[in-house]
Every structure is written in structure tokens, then in C-alpha cells.
Amino acid sequence: MSNQHNCENCPVHHKENLIRLGIAMDKVDYVIALAGNPNTGKSTVFNNLTGLRQHTGNWPGKTVTRAEGGFSYNDKRYKVVDLPGTYSLLSTSTDEEVARNFILFGRPDVTVIVADATRLERNLNLVLQILEITDRAVLCLNLMDEAKRNNIEIDERTLSKELGIPVIPAAARQKEGMMELLAAIEEVASGRYICKPHRIKSRSAKLNHAIDSLVGKLKQQFPGLPNLNWVALRLLEGDQGMIDAVNSGELGTLSPSLIPSDI
Amino acid sequence: MENKEKVSGEEILSLANTLRWDLGMNLHDTVTESIYEGASKIAKKTVRVKDEKSSVNWDLKIDKVVTSKWLGFPIMFFLLALVFWITVAAANIPSGWIASLLIDTLHPILKNGAAAIGFPWWLSGVLIDGAYLSVAWVVSVMLPPMAIFFPMFTLLEDFGYLPRVAFNMDSLFRKAGAHGKQALTMSMGFGCNAAGVVATRVIDSPRERLIAIITNNFSLCNGRWPTQILIATIFIGGLVSSRWAGIVSAGAVVGVAVLGIFFSLVVSWALSRSVLKGEASAFSLELPPYRPPRILQTLYTSLIDRTIFVLWRAVVFALPAGILIWLVANIHIGQLSLAEWFINWSDPFAMLFGLNGVILLAYIIAIPANEIVIPTVLMLTVISSGIAGVGAGDGVMFELDSIADTERVLRAGGWTLLTGINLMLFSLLHNPCSTTIYTIYKETKSVKWTMISTFLPIVMGFAICFFTTQVWRLLVK
């Protein structure tokens, strides 16, 4: 905190670079997805970025359907999609389906994962699952003020190295860390920062082989669909939602426009 | 084309099936486990907790009290009662200001202006006495309580208390076959049923969400609190000496509200065992940490998101209703106005339920907002009983300055203690206001469930009033 004055000379802190666009989202250059566990302050981050005032509340499940907003940063226009908070992408509630379909098939340019710094381990479960299905992500380590109050210290640099994505400590309610977050989003979106996302390694050769042969078939049936590895893994696990989507051919038609958006 | 796709889809699935058998059935668990393992490994490397013991865990301490077996419910009732009391007590003053501006000052100016530019009497009647005045009424009686209630409620929410309410009520709602989060939407309904119905979006399962929507109307909304308080003060507070009148009538109002919670649970139970059969779905509710509420932001969002949103819908419906109210009081067939025809015709039927024709007509034409029921009742009572010297003219809603005047008008209209009690019950159990009905339709997109939500409470209301009246007549006569 003491060297904050030096920070103000850093280009990151030029607030005038940020123009909040509210709901004006035409001609966007990049699409940003905002994901995270419930009650980590995702909606607060969303409001800080877009200047919108989506209702936020201190109870899980506030964002029931996805909300969208826009901002412009360094002359690039961004669209932000606030996804419902979920604990995982594995089981299937409506919330989790909305979130996972968007990250999987909506192909956001950057997925910003908002995590609660006071409950990092539990939040990392979702972070790792998201990193399985996307290459471009930023971790916003929110509620750092509460973590400090609870005497929790987090080694952000090691965390960033382990996850292979930028990690930005923040306190969104106090609007701290938002400029740094914007800079990180820009770096990943523009391709200047290449993520090397953490992937689960404990896969057997047998499993990899099974995935490969399924992906071959899936490619024939659904050309152009991203993340076929992940789809294959879900099929092997017997995910009923995914089986139904293949069976009905619906998987091929999944696109961001089909994901419910309301309000 | 379609056929080919289907074969290919089946092919993929059968390959997946074969491979799954090869890999063993516990693949899902293995994948999940490896994710958890990874998370815990990374957390161990990066998170350090300094001197854990010295920090006092306030969250846990507060939770032990507010979710305790003995104190949980009393604290909950106390906090909610406090919020309602502040709302009712504080809303009167700004309501008076707005009413004196819109009704006492602006209304005569508009009337005179219309007369000056030569409006025919019926046109200025329909537009100014009808449409304008009912909108002015709705704004002046609805805006202040909502602007006080919603911010306070949102502050409790922002602080983190509401999830504890859900936690406390969860077992009750679960026993009724409903979702624990229904406790949250029910509390929201105490502010406004339309907002409560929208809030049911937090419930995942469509079955439980429908139950929450249908039963939300049993939460006594802001628009009905003033009716309850007024009638309780006149007819129930009047039974005891003036020293006890306040407490007794407040107790009667809280009693009606608790009765509403009881009906909410009973109807949920009945629905989940009949048309909406099913088990209560489990949900994990994380009790979030308490956070100091952000006062200014809460004020802003609750005013914009909730208050203005609800008020706008109410205004949209009050406008045509105001026109209708004016018309039924001013269109005459023979000697009598439409209103009087209806009142005379429905009186014998209404008497069966211990109500009267005025009340029935008021509830029909005041459907846009429960707030305008009492003004409409007074206006209709004056028309039908022909009291001289009160009121503002046929089809013009008014409210009297003193409770004593209101009592005089109602007694002249034939009201008794039984009428008062039945009106309180009927105010709890009748159709939702048109704003809420429309919201239910928007949320369920089903005419059938909208109709059920609308008519179920009316049927219950008539049944309860009938029962009370018959018992009363047996016992008292």
C-alpha cells in the first residue's frame, strides 16, 4: 500500500483509458466471459467494468441468467458476459449449463475467473475445470481485503506460474485492482500474454487413446465445434446432458445465441 | 440428412459406451478426484495463514446466535417486524407530502385548467378525476413505503442476513415439499409480491419455483399493511381501552401476517402432494461471510431496480383502472349508477361471507394496486349509503384525515366488527394485484398457472370468510 504513489505513474493506472459503455455493445473487438463461484463478487467486478449497476447481493445465486455489458479500453471495445456463479462445470443444474455452454461454445476471447481469496482451495476446483476447456483466462483474486483481515497470505506469483494464467489480486467492492485486471485482460485478448493453462496430468495412455478415437468421430459429425477433447471426456464419463445433446444433434447447433439471456 | 445425422450420433454414443466399459465405470470419480487433488496441491503451495488462533471468528459467533434453535426464529421475527414498523411509521410523512402536492394542489389546478380551455365535464372527469387521480394515489401511497422498505431489506441482504433466514426456514419448507430458498422469496413478498415472484428465479427446479410463485401472494405485501392497520385500529383496537388499543391492533395485524406464512406452508404442502408432486430438491446453501453493507450503492440499486420497476408497472395498470372507477360511478342506468347497481345486486351474496357489495366491487375495480382499495371502499360507501357532506364527488377517490371520520363512514355503510375481521382476512386471501398477475404470467409463460395463482387465493378467501361468518353467527347470536 505504501508505494501506491509510484503506481500512479504506471500506464496501468491511466483511468482515462477506460470508457464504460453500459449496454452499448455494437462492434465489439473482444468478448469477455466472467465466471466464478457464487458470492465471490462477480457482479461487482462486472459493474466496475461496465459502469452498469446490476443488482448485487450477498447471497449465492443472485445472477440467475447471464447479463451483458460493454466497455472500451485503449480504443478496443469489449463485451462482458456475466455468467451465473457455479461451484463446478461437472454436474448439471441450469446455472452450470449456462456457464459451461458459454465458455465451451461461446468461445469468449478471455474468460475472467473471479475467485474468493479467503476460500482459494475450493475456488480452485472451478478454476481448474475452466482451464480444462479454455486456453485464455485471467484469474481475478477478489476479496483480498477480507483475506488480509483474516491473516491469509497468497503468493500470487507462484499461483500464476502454477495455473499458467495472469493472477490479479483485487478488492472489487473498493474498486482496487480493477485497472490491473483490465491490463491483464488486454494482454491476454491481444495475444501478448500467451497462457499455458494448467492441465490435469493424471490421464492414462488408455484414456488418451479413447479420447482421440472419440474426437475423430465427433469431428466428422460436428465439424468446427471447439473443445472436442472435453466433449469426448464428458461422453466417456457418461454425462447425460452431453449424451442427449449428441443424440438429438443439438450439440451441432449450440451457439451463444441459444443460451438464454434475459432482463 | 436428418436420418444420416441420427445414425452418426448413435455411432458416436455406442463407441463412447464401448470405450467406457474398457476404461472402467469410475472414470467420473477419477476425473473429479484429480481436479480436487490439483486444487489442494496448488492451494498448499500458495496460501499461508498467519497465527490462525488469534483472529476471532466473528462470522461463526454471529451465526451461532442468529441460526440457533431457540433464538433464530425470535430474532428473525423481531428484525422483520422492525423493518415493517419503520416502513409503516416513516412512510406516512412523505406520503402526505406527495399527496398534498399531487392531489390537493395539482389536481384542482388541472381541473380549473381543463375548465378554462373548455373541456366537457365528462372528459375532464375521465382524464383528471379518473386516470390522473388514481395514478396520483398510487404514487403517493406506494412510493414512500417501497422507497423505505426495499433499501432496508436490501441492506439486510447485503450484510448477509437473508441466507440465514433461508437456513432457519429451510426445514419448514422442506417438510412442506418446497425449496428452502422459498423463505427468501416469501420475505421479499412482504415488500411486494411482484418483486417476490421475480425473485423466485433463484430457485432452480421448475416445480419448486411454481410453488414459490403460487404461494407468494400469501405474503402480506406493502399495499395491504396499511389496510390491515387501519381496519385493525378501528374495529379491533376499538374493543379495548385506548391504552391497549395500539398493541392489540398491532398484534392482530402480525397475527394476519403469520396466518399468511401458515397458509404459504400449507398450500405448498398441498401442491407438492397433488398437482406439483415431487420431492424437495437438496441444495447447498453456503452461508456467506458477513460484510459491511455499502449504504449508498444499496440505496441506489434498490431504488432503481426494485422501487421504480414496481412503481412503473403499478402506474401502467392504475391509469385504465382510474378511468374504469370513474365510469362505473358516473354512468347511470335509470336512477342508479353502474356501481350502485352492482353493489345492490351483490350485497345479499356478499353478506353470506360477512362482507358487502362495496367491498366486492372495490376489490374488482381496485385490482391494479391493493393500496387503492380503502380509498375506493370509502368512495363507494359514500355513494351507496348517501351520506351527505363527505367525499369529493362521484367517482373521485378520497381518504379521510382522521380515523374517526373513516369509522363514521364505514359504520354508516353498515360495517360491524365481523365485517372488519372478514375484510382483514379477505385482504390476505384474494387475488394478487394486476401487476403481480402480469409478472406471474411473464415468469411462468403459462395461462394455466397464472389462473391458478389468481383464483386459488380468492376461493380460499371466500371459504375462510364464510366459515368465520357462520361460526360468528352461531356463537354471537
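These numbers come from a predicted model, not from an experiment.

1. With respect to the overall build of chain B
(1) Moving on: Counting secondary structure elements, chain B contains 19 helices and three strands.
(2) Moving on: Taking all 477 residues of chain B together, 53% fall into the buried category.
(3) Moving on: Intrachain contacts of chain B at a sequence separation of at least 6 include 76% that bridge at least 24 residues.
(4) Moving on: Summing over all exposed atoms, chain B offers an accessible surface of approximately 22,300 Å²; the carbon and sulfur share of this is 69%.

2. Some remarks on the overall build of chain A
(1) Moving on: From N to C terminus, chain A includes 11 helices and eight strands.
(2) Moving on: Carbon together with sulfur atoms contributes 48% to the accessible area of chain A, which is approximately 11,100 Å² in total.

3. Here's the deal with the confidence of the model for chain A
(1) Moving on: This prediction gives chain A a mean pLDDT of 78; 78% of its residues lie at or above 70.
(2) Moving on: For residues 255-263 of chain A, every residue scores under 50 in pLDDT, and the model assigns this stretch 17 contacts once sequence neighbours within four places are set aside.

4. Quick look at the nonpolar core
(1) Moving on: Of all hydrophobic cores here, the largest spans 109 residues; its most connected members are I231, L355, L380, L410, W415 and M424 of chain B.
(2) Moving on: With 16 residues, helix α5 (residues 121-159) of chain B is the single largest residue contributor to this core.
(3) Moving on: Leaving out residues up to four positions away in the same chain, M424 of chain B has contacts with Q228, I231, A232, I236, A252, V253 and V256 of chain B.
(4) Moving on: In this structure, L89, L124 and A172 of chain A together with I42 of chain B belong to the second largest nonpolar core, which totals 95 residues.

5. Points about the confidence of the model for chain B
The predicted structure's coordinates, where accompanied by low pLDDT, should not be read in detail.
All names here are of chain B.
(1) Moving on: In this model, chain B carries a mean pLDDT of 82, and residues with pLDDT of at least 70 account for 90%.
(2) Moving on: Across residues 1-6, confidence stays below pLDDT 50; counting only partners more than four residues off in sequence or on other chains, it has two contacts.
(3) Moving on: If you check the scores for this complex, the pTM reads 0.64 and the ipTM reads 0.78.

6. A look at the packing of helix α17 (residues 417-428) of chain B against helix α19 (residues 447-476) of chain B
The description of two packed helices rests on the angle between their axes and on the distance between the axes.
Residue and element names in this part refer to chain B.
(1) Moving on: Remark: α17 packs on α19, axes separated minimally by 9 Å, with the N-to-C direction vectors making an angle of 160 degrees. Taken together, the axis directions place α17 and α19 in an arrangement best described as roughly antiparallel. Crossing hand, α17 versus α19: right-handed. On the side of α17, the interface is formed by L417, L418, I421, N422, L425 and F426, while α19 contributes G461, F462, I464, C465, T468, T469, W472 and R473.
(2) Moving on: Along the lines of polarity and charge, the residues of the contact of α17 with α19 split into nine nonpolar, four polar and one charged.

7. Details of the packing of aromatic side chains
All names here are of chain B.
(1) Moving on: Taken as a whole, this structure holds 14 aromatic pairs over all chains when the rule is applied.
(2) Moving on: Relative to W326, the ring of W121 has its centre 5.9 Å away and its plane inclined at 50 degrees; by these criteria the two rings are tilted. Linking W121 in helix α5 with W326 in helix α12 (residues 295-330), this pair joins segments that are 205 residues apart in sequence.
(3) Moving on: Residue classification places W326 among the buried positions, given a relative accessible area of 5%.
(4) Moving on: Chaining the aromatic ring pairs together yields one cluster made of F349, F353, Y363, F426, F462 and F466.
(5) Moving on: A cation over a ring is seen here: R164 above Y290, with NZ or CZ 4.0 Å from the ring centre.

8. Section: the pattern of salt bridges
Residues and elements named next belong to chain A.
(1) Moving on: Tallied over the entire structure, the rule returns 13 salt bridges over all chains.
(2) Moving on: For D109, the salt bridge is made with R136, and the minimal N-O distance between the two is 3.8 Å. With D109 in the loop between α3 (94-105) and β5 (110-116) and R136 in the loop between α4 (120-133) and β6 (137-142), the pair connects residues that are 27 residues apart, well separated along the chain.
(3) Moving on: The residue D116 makes a salt bridge to R119 at a minimum N-O spacing of 3.6 Å.
(4) Moving on: On the accessibility criterion, D116 (3% relative accessible area) is buried.

9. Considering unusual backbone geometry
Residues and elements named next belong to chain A.
(1) Moving on: Non-glycine residue D75 carries a positive phi angle of around 70 degrees.
(2) Moving on: The topology assignment puts D75 in the loop between β3 (67-73) and β4 (76-82).
(3) Moving on: For D75, a relative accessible area of 76% corresponds to the exposed category.
(4) Moving on: In the Ramachandran plot, N151 falls in the positive-phi region, its phi being about 60 degrees despite a non-glycine side chain.
(5) Moving on: Of the residues examined, N151 reaches a relative accessible area of 19% and is grouped as buried.

10. Structural notes on α5 of chain B
(1) Moving on: Along its 39 residues, α5 of chain B runs 54 Å from first to last C-alpha, staying within 8% of the 57 Å computed at 1.5 Å per residue.
(2) Moving on: A large share of α5 of chain B lies buried, amounting to 30 of its 39 residues.

11. Things to note about the packing of helix α11 (residues 242-273) of chain B against α17 of chain B
All names here are of chain B.
(1) Moving on: The N-to-C vectors of α11 and α17 enclose an angle of 40 degrees; their axes lie 10 Å apart at closest approach. Taken together, the axes of α11 and α17 are oblique relative to one another. Of the two possible hands of crossing, α11 and α17 adopt the one that is right-handed. Residues A252, V253, V256, L259, G260 and F263 of α11 form the contact with α17, whose participating residues are M424, L425 and L428.

12. So, the pairing of β3 of chain A
Residues and elements named next belong to chain A.
(1) Moving on: Counting buried residues in β3 gives seven out of seven residues, a clear majority hidden from the surface.
(2) Moving on: Across the two faces of β3 the burial is the same, with A67, G69, F71 and Y73 and E68, G70 and S72 all buried.
(3) Moving on: One ladder, built from seven bridges, connects β3 with β4; its direction is antiparallel. Bridge pairing links G70 to K79 in β4.
(4) Moving on: The antiparallel pairing of β3 with β4 creates a hairpin that spans two residues between the two strands, and N74 there sits at a positive phi of about 50 degrees.

13. A few points about the environment of I323 of chain B
Residue and element names in this part refer to chain B.
(1) Moving on: Note on placement: I323 falls in helix α12.
(2) Moving on: Taking C-alpha positions, I323 is 4.5 Å from G130, a pair spaced 193 residues apart along the chain.
(3) Moving on: Here I323 is in contact with V126, G130 and A131, once residues within four sequence places are set aside.

14. A short note on a nonpolar patch on the surface
All names here are of chain B.
(1) Moving on: Among the surface-exposed residues, L239, V240, W244, I247 and V248 lie close enough to one another that they form a single nonpolar patch of about 470 Å² accessible area.
(2) Moving on: Mapped onto the elements, I247 comes out in helix α11.
(3) Moving on: Judged by relative accessible area, I247 falls into the exposed class, the value being 58%.

15. Topic: the pairing of β4 of chain A
(1) Moving on: The sheet contact formed by strand β2 (residues 30-36) of chain A and β4 of chain A spans five bridges and is parallel. Across the sheet, L34 of chain A pairs through a bridge with D82 of chain A, a residue of β4 of chain A.

16. Regarding the side chain of S427 of chain B
(1) Moving on: Tracing the backbone shows S427 of chain B in helix α17.
(2) Moving on: Setting aside chain neighbours within four positions, we find S427 of chain B in contact with R224, Q228 and Y363 of chain B.

17. Regarding helix α8 (residues 205-221) of chain A
The α-helix winds at 3.6 residues per turn, so residues separated by three or four positions along the chain end up facing the same way.
Residue and element names in this part refer to chain A.
(1) Moving on: The end-to-end C-alpha distance of α8, which contains 17 residues, comes to 25 Å, matching closely the 24 Å that a straight helix rising 1.5 Å per residue would cover.
(2) Moving on: Within α8, burial applies to L207, A210, I211, L214, V215, L218 and Q221. Buried residues of α8 fall within an arc of 135 degrees about the axis and therefore sit on the same side. Along α8, exposed side chains directed more than 90 degrees from the buried face belong to A205, H209, D212, K219 and Q220.

About the criteria used
Residues numbered from 1 in each chain as written. Chains lettered and ligands numbered in written order. Predicted model: local features only at pLDDT ≥ 70, side-chain atom pairs only at ≥ 80, totals over all residues. Heavy atoms only, no water. Helix = DSSP H or I, 4+ residues; strand = E, 2+ residues; numbered from the N terminus. Buried < 20%, exposed > 50% of the residue type's maximum accessible area, 1.4 Å probe, protein only. Contact = heavy atoms within 4.5 Å. Areas by Shrake-Rupley, 256 points an atom, 1.4 Å probe, with all protein chains shown as cover. pLDDT = per-residue confidence, 0-100. Core = buried A, V, L, I, M, F, W, Y, C linked by side-chain atoms within 4.5 Å. Axes fitted to C-alpha atoms, helices over the stretch in contact; angles between N-to-C directions. Parallel < 35°, antiparallel > 145°, perpendicular 65-115°, else oblique. Left-handed = near helix turned anticlockwise from the far one by under 90°. Nonpolar A, V, L, I, M, F, W, Y, C, P; charged D, E, K, R; others polar. Phe/Tyr/Trp six-rings, centres within 6.5 Å; stacked < 30°, edge-to-face > 60°. Lys NZ or Arg CZ within 6 Å of the ring centre and 35° of its normal. Salt bridge = Lys/Arg side-chain N within 4 Å of Asp/Glu carboxyl O. Expected span 1.5 Å × (residues − 1). Pairing = 2+ DSSP bridges. Patch = residues over 30% accessible without salt bridge, like charges linked within 9 Å, V, L, I, M, F, W, Y side chains within 5 Å. Arc of directions from axis to C-beta.

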